[in-house]
Structures are given as structure tokens and as C-alpha cells.
Amino acid sequence: MAVLLGWMGLHQIEPGRFSHGAVFNVLASRESIRALNDVERDVRGKKAVCAGSVAGSCFGARTPGPCFRSGIGRSERAAKMNLELLESFGQNYPEEADGTLDCISMALTCTFNRWGTLLAVGCNDGRIVIWDFLTRGIAKIISAHIHPVCSLCWSRDGHKLVSASTDNMVSQWDVLTGDCDQRFRFPSPILKVQYHPRDQNRVLVCPMKSAPVMLTLSDSKHVVLPVDDDSDLNVVASFDRRGEYIYTGNAKGKILVLKTDTQDLVASFRVTTGTSNTTAIKSIEFARKGSCFLINTADRIIRVYDGREILTCGRDGEPEPMQKLQDLVNRTPWKKCCFSGDGEYIVAGSARQHALYIWEKSIGNLVKILHGTRGELLLDVAWHPVRPIIASISSGVVSIWAQNQVENWSAFAPDFKELDENVEYEERESEFDIEDEDKSEPEQTGADAAEDEEVDVTSVDPIAAFCSSDEELEDSKALLYLPIAPEVEDPEENPYGPPPDAVQTALPDEGIGCDKKRQSLSDGPQPPKKKPKTTNIELQGVPSDEVHPLLGVKGDGKSKKKQAGRPKGSKGKEKDSPFKPKLYKGDRGSLPLEGAAKGKVQAELGQPLPGKDPA
């Protein structure tokens, strides 16, 4: 029986459907068919018994296909029909690919703002591309760094962005103007940056081989967070949902919960495997709603915990995870994990290929696997805050995954009919008259009297999805959208055009040519831009020769190209225009350099540029 169940689990063709036909051909005995019926009935009840002794319930499958119906009673068949009916309407996860966003440059990381209206993408050449997610168009391009952008985070009100690059720089940007407010230089590469969820004056930074650091932007000061073991500095950290606590995890599986304001230790526990061995913590992610969070560990298991239980257990507690999610058959390691906007689903991106696994958090069963292009490696995953949409990055392109929307007008109007051709409509008497002259005016009672009441059409009710549980009103100063200025290739002379200062401020972001720059400069003196303040962060005992993981990925042919980033002299040139169809020939990762800049970077790298002729 154990061999039968294990063989059946290995032949799962998709979540919820097994290749019963193949099993039936091998096992023709009556006992085997009865055993399969029992397995199928248990799976339908979501008990996930297929695990048996081997790896049958590797994913905790859903309702299987229409096979072996002889042992199913009427009540069970009716329950299954109701279940399918509910699932068809309550499905809040993406099912198929819904296009791509090509940033021209190689995309490395992405993040949604709090409302999901804007998507910020960090690129290989140091630029930050901000997409209007409703129109799927580029709203703004910020020439942020010289080296690749490795981490991004939006402020709560959407007016600021904090970014980190592989040259150990952390910068804060004004989204509307594209200006840099301030910079911080760290001694080691930055793995993650995160704004405080309620206070955009504080930023959490996770450097390599160092304890996490909390920056205070107003006075440029920093605080090094305490760690469990000074010898183990491979530490990841994250704010909880409201920023009251900071959760840190090290390579020995120890989780510390620190009070954000005082950095005092509130709770702690250790993540262990089945044999009581410890496992390294790779990332900690919190849900946008509720108190749940997940821990991605090196043993390829995603553990889901309740934050309230962690605080109740206190120091050196032994909390049990709510769910353990893993792929027992393929032993897939996870590159990036996150919650859905409502916190009911969990998506994990495979570190081996472009594949997304989606689980239902409450039950722990796998509901969908989304497969991208074969042979591509996944870099980042982000779930839309309020909609069942996922953005993933592989091979420098942002892929969008969404539901297949089918328009059904009869749901809005039951008597709606689709016509193959135009039909002449016969108007009824006084059907479209503003006032019916022949109609007598009865006394208004009930619903008719309510129609004459004034309706408030000016005040805006808050949208529940955009408000937290402890808030009643939306943020009135929030930045939801960005104005898009179209670029005209050959503009006609317009004496009533914008003033010179407006043209000058738009030049770096819109990528207009150098000739137009010089022309706008000659129109009159321009106020010099304020140079951002750069603060050096000194950390004791941190090695300064570390290389960011993005630059040293094993087996990645593009890793050498990522080290150079964008040359210093290319900011604002014509080839940086976001609306050009193609910037350069050859491989997407090659650098668009010309003239002196090309020779300078060649000399620094000590090798000819890839994708370019040596002449």
C-alpha cells in the first residue's frame, strides 16, 4: 500500500489531479481500486492522507479528477458540487500569465506601493523604473545609482522611495521630483532595506556579515540592533505589520523579537528540523493583514507562525508553526516568499526555475503552480496589495500573473441578450420622455419618497482595502498616481510653451538629448540642484571586501555584466530615453557605451565589452 501511494504521488500531473489512468493500468486488482477510492475520498476531504509512508501528499492536493466514482454517495457528491461552486467564486489567486513589463534595462527587484497603483522596479544599470500599474505604462524613470539596484521599499504615503545598490549605498528619493534626499554609505553590501510601516523617518537596513542597522533619516544617526551570537552575523530582519517589533533571524535558526523603540528583547525561539538540528533563516515576511508571518529557511520548508503566540511564549519559547509548506518530491529551495494582500494565500518562487507555488494558508494545501519560461531563474516576487495579481522577475523582465476575466453581462442584467446584428428597436409610448404628461401623480410613500431626498455625491467613503484595522480614514496626502509627460520627437516651435525652468527639471527624467539640454541652459540662469548629503556608516568588525550575491551568482552568465552597472557619464543622454524601442544590439545585459565612456569602462574591467565588436 505504501508503494502504491508513493507511486501515485510521484505522478501528480497538476495540483488536485492525479494520473489515475496510469495507475489503473498497472494495478487491476479489486483491492487496488478500493485503495485508490479511499485515497481519493480522503484527499477530497482535504485531509491530505496521500503522504502515507512515502511522498504522496507532497503538496496536500485538492479535489481530484472524475475517476472511480463507484464508492461516492449522494451526500458526498452534493458536498463536492457545493465546494466547486464556492471555489469558483472565492478564488483569490492568479491562474495564468497576463503579459510582461519590459523596463529596457535588466530588472532585478520590484515592489508595489501600499495601494498597488504604482510598481517600482530596480534595474541592472542603476535606474528605478516606476510603472503606472493600471495603464501598464512607464510613469517615471529615476537615474538613481551607478551600480545595480538590489532592494527597494515605498514609504507609507508613497511620496518617498528608499533604494540600495550593490556598491553599498542606501538612498532616499522623492518620487515626484526624482531628486535624492540623502545617501548612506555602508562598509558591506546591502541585502534589504525597509521603511518603518508607520514612521517613514526610520529605515531598517540588513548589511552582509553585520547586525541589522536602523537608520533615523532626520538626524542621519543609526542604531545597531543586538544579535544572539556575535560570531554569527548572517542576520536577516523585518518590521512587523505595524512596526512595533523587529524580528531578526540568524544562520543558526534563532529568532529574536525586539521592541522597535528601545531595542529590548521581548521574545525569542529557535527554528529546528525534525532531528532537533538548527537551520539557517533566509527571510522573514509579514502579512499585510492579521498577525501571521512566515520564515523561509535553508531546509526548504516555509513555516507560518502567529505573531501573538510568539509574544505570549516570551523568551526561549517553543511555539509550533501553524503550517509547514514544502515540496517533498522535488525538494525545491525557495528564492522569495510573500503573502497575498488579504493574507489568505502564500506564494513562493523556486530558486531553480521560474515557477511560483501558491498555497492556501488556512489549510496548507497547494492550489496552483505557475510556470514561466523554461530555463529562466527567478529573482523576485511581489503580490499586489489588494488584487489577485503577482509580479515576478526573471531574465530581466517583469512577468504579470492574473486571473482570466470573462465578461458575463447577464450577471448584471438578467434579460441581457447578445445580438449578431443591429435590430431596430420599437420605442414604447413615453419610454424616453423626461416627464410623462399622461401619468397621474400618486401620493409618494416609502421608496418613492426616498427618491426625492438629496443624495450626497461629494463626500468620499474610505475604501476598506486601503485602510488598516486601526484606521478609519484614508491618507489624504497619499501619492497614488504620477503625471506622465509625453515625449515629442520633433516638436514645433511654440512661443507659449512651458518656461525654461520646467524644461530643465524634466530633462534628466525624460531622457531628452544633449542639444536640447544646452538650449534650455542658454535660455537663462538655472538654480543649482542641491547636492544630497552622504553619511558614512561605520560598523565595527565588518569586512569591507564582501561581494553582493547578485554579482556572484553561480552559473549565471550575466553576473559579470551586472558588476559594471551604468557608466557615470550616461545620465540623461538620448540612449537613456525610456520610450526608445531598443537601446543597443546584442545581449540584453550588455552596456550601451560609446566613445570615451566605452574606453574608460573597458580599462576598468580589463576586458572588451560583451556584445560589441573589438574594433
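Given the structure is predicted, the values throughout are model-derived calculations rather than measurements.

1. Side note on the overall build of the protein chain
Item 1. Scanning the protein chain from N- to C-terminus turns up 10 helices and 31 strands.
Item 2. Looking at the protein chain as a whole, 47% of its 615 residues qualify as buried.
Item 3. A fraction of 53% describes how many contacts in the protein chain between residues 6 or more apart in sequence connect residues 24 or more apart.

2. Concerning the sheet that holds strand β4 (residues 107-112)
Item 1. With antiparallel pairing, the four strands of this open sheet are ordered in space as β4-β5-β6-β7. Where the open sheet ends on each side, the last strands, each with one partner, are β4 and β7 (137-143). Taken pair by pair, the neighbouring strands of this sheet meet at an average axis angle of 20°, ignoring direction.

3. As for the sheet that holds strand β25 (residues 345-350)
Item 1. Spatially, the four strands line up as an open sheet ordered β24-β25-β26-β27, and their pairing is antiparallel. Two strands close off the open sheet at either side, each with one partner strand: β24 (334-339) and β27 (366-371). Direction aside, neighbouring strands of the sheet carry axes that sit 20° apart on average.
Item 2. Two elements, β25 and strand β26 (residues 355-360), share five bridges in a ladder whose sense is antiparallel. Across the sheet, the residue bridging to I346 is W359, located in β26.

4. Concerning the pattern of salt bridges
Item 1. Scanning the entire structure with this criterion turns up 12 salt bridges.
Item 2. Here R202 ties to D199 by a salt bridge, and the two come within 3.2 Å at their closest N and O atoms.
Item 3. Residue R202 is joined to D261 by a salt bridge in which the shortest nitrogen-to-oxygen separation is 3.1 Å. Placement of R202 in strand β13 (residues 202-207) and of D261 in the loop between β18 (254-259) and β19 (265-270) is noted, with a sequence separation of 59 residues between them.
Item 4. Assessed through its relative accessible area of 16%, R202 is described here as buried.
Item 5. In this structure D261 comes out as exposed when scored by relative accessible area, which is 56%.
Item 6. One salt-bridge network, in which partners are shared between bridges, spans K160, D174 and D181.

5. Points about a nonpolar patch on the surface
Item 1. On the surface, W409, F412 and F416 cluster together into a nonpolar patch covering about 400 Å² of accessible area.
Item 2. On the basis of relative accessibility, which here comes to 39%, the residue F416 falls in the partly exposed class.

6. Quick look at the packing of aromatic side chains
Item 1. Inspection of the entire model under this criterion finds 10 aromatic pairs.
Item 2. Each ring, one from Y247 and one from F293, has its centre 5.0 Å from the other, and the planes form 55°; the classification is tilted. Separated by 46 residues along the polypeptide, Y247 in strand β17 (residues 245-249) and F293 in strand β21 (residues 292-297) bring together distant segments of the chain.
Item 3. By relative accessible area, Y247 is classed as buried at 2%.
Item 4. A residue is classified by how much of its surface remains accessible, and F293, at 0% relative accessible area, is buried.
Item 5. Aromatic pair W334 and W359: ring centres 5.4 Å apart, planes at 85°, arrangement edge-to-face. With a gap of 25 residues between them, W334 in strand β24 and W359 in strand β26 connect regions that are remote in the sequence.
Item 6. Among the residues examined, W334 registers a relative accessible area of 0% and is labelled buried.
Item 7. Geometry around F133 places R136 over its ring, the cationic atom sitting 4.9 Å from the centre.

7. Observations regarding the environment of C206
Item 1. By the element assignment, C206 lies in strand β13.
Item 2. According to the relative accessible area criterion, C206 is buried, its value standing at 4%.
Item 3. It is 9.9 Å that separates the C-alpha atoms of C206 and T248, two residues lying 42 residues apart in sequence.
Item 4. With residues near it in sequence (within four places) discarded, C206 still touches P189, I190, L191, K192, V235, V236 and A237.

8. Some words on the side chain of T117
Item 1. You can see T117 is positioned in the loop between β4 and β5 (118-123).
Item 2. Within the structure, T117 has its side chain in polar contact with the backbone oxygen of L480 (distance 2.4 Å).
Item 3. The contact partners of T117, leaving out residues within four places of it in the chain, are W131, D132, F133, L134, L480 and Y481.

9. Side note on the confidence of the model for the protein chain
Item 1. In this model, the protein chain carries an average pLDDT of 74, and 64% of its residues clear a pLDDT of 70 or more.
Item 2. Here residues 502-524 is modelled with pLDDT under 50, and outside its nearest four sequence neighbours on either side it reaches 36 contacts, counting other chains as well.

10. What to know about the pairing of strand β9 (residues 160-165)
Item 1. β9 sits mainly inside the fold: six of its six residues count as buried.
Item 2. Of the two faces of β9, the one lined by K160, V162 and A164 and the one lined by L161, S163 and S165 are each fully buried.
Item 3. Bridging between strand β8 (residues 149-154) and β9 involves five bridges; their strand directions are antiparallel. If you follow V149 over to β9, its bridge partner there is S165.

11. Quick notes on the pairing of strand β20 (residues 281-286)
Item 1. Counted residue by residue, β20 has five buried out of six residues, so it is predominantly covered.
Item 2. In this sheet, β21 lies alongside β20 in antiparallel orientation, the contact comprising five bridges. Of the residues in β21, the one forming a bridge with I281 is T297.
Item 3. In this structure, the hairpin formed by β20 and β21 is closed by a connection of five residues, where G290 is found at a positive phi of approximately 85°.

12. Here we look at the environment of Q540
Item 1. Turning to its location among the elements, Q540 is positioned in the loop between β31 (533-536) and α9 (559-564).
Item 2. In this structure, the C-alpha to C-alpha distance between Q540 and S210, residues 330 residues apart in sequence, is 8.8 Å.

13. Topic: the state of the cysteines
Item 1. Taken as a whole, this structure holds zero disulfides when the rule is applied.
Item 2. Left unpaired, C103 is separated from the closest cysteine sulfur, that of C123, by 4.6 Å.

14. Quick notes on the side chain of N113
Item 1. Mapped onto the elements of the fold, N113 is located in the loop between β4 and β5.
Item 2. Note on N113: relative accessible area 1%, which makes it buried.
Item 3. Sequence-distant contacts of N113, that is, excluding residues within four places in its chain, are made with L118, W154, R288, P385, L479 and L480.

15. As for unusual backbone geometry
Item 1. The phi dihedral of Q263 is positive, around 60°, even though this residue is not glycine.
Item 2. Along the chain, the position of Q263 falls in the loop between β18 and β19.
Item 3. Looking at Q263, the relative accessible area reads 18%, which means it is buried.
Item 4. Positive phi, normally seen in glycine, also occurs at R331, with a value near 50°.
Item 5. Locating R331 in the fold gives a position in the loop between β23 (323-325) and β24.
Item 6. Owing to a relative accessible area of 34%, R331 belongs among the partly exposed residues under this scheme.

What counts, and at which threshold
Residues numbered from 1 in each chain as written. Predicted model: local features only at pLDDT ≥ 70, side-chain atom pairs only at ≥ 80, totals over all residues. Heavy atoms only, no water. Helix = DSSP H or I, 4+ residues; strand = E, 2+ residues; numbered from the N terminus. Buried < 20%, exposed > 50% of the residue type's maximum accessible area, 1.4 Å probe, protein only. Contact = heavy atoms within 4.5 Å. Pairing = 2+ DSSP bridges. Axes fitted to C-alpha atoms, helices over the stretch in contact; angles between N-to-C directions. Salt bridge = Lys/Arg side-chain N within 4 Å of Asp/Glu carboxyl O. Patch = residues over 30% accessible without salt bridge, like charges linked within 9 Å, V, L, I, M, F, W, Y side chains within 5 Å. Areas by Shrake-Rupley, 256 points an atom, 1.4 Å probe, with all protein chains shown as cover. Phe/Tyr/Trp six-rings, centres within 6.5 Å; stacked < 30°, edge-to-face > 60°. Lys NZ or Arg CZ within 6 Å of the ring centre and 35° of its normal. Polar contact = N/O pair within 3.5 Å; in protein donor to acceptor, adjacent residues only side chain to side chain. pLDDT = per-residue confidence, 0-100. Disulfide = S-S within 2.5 Å.

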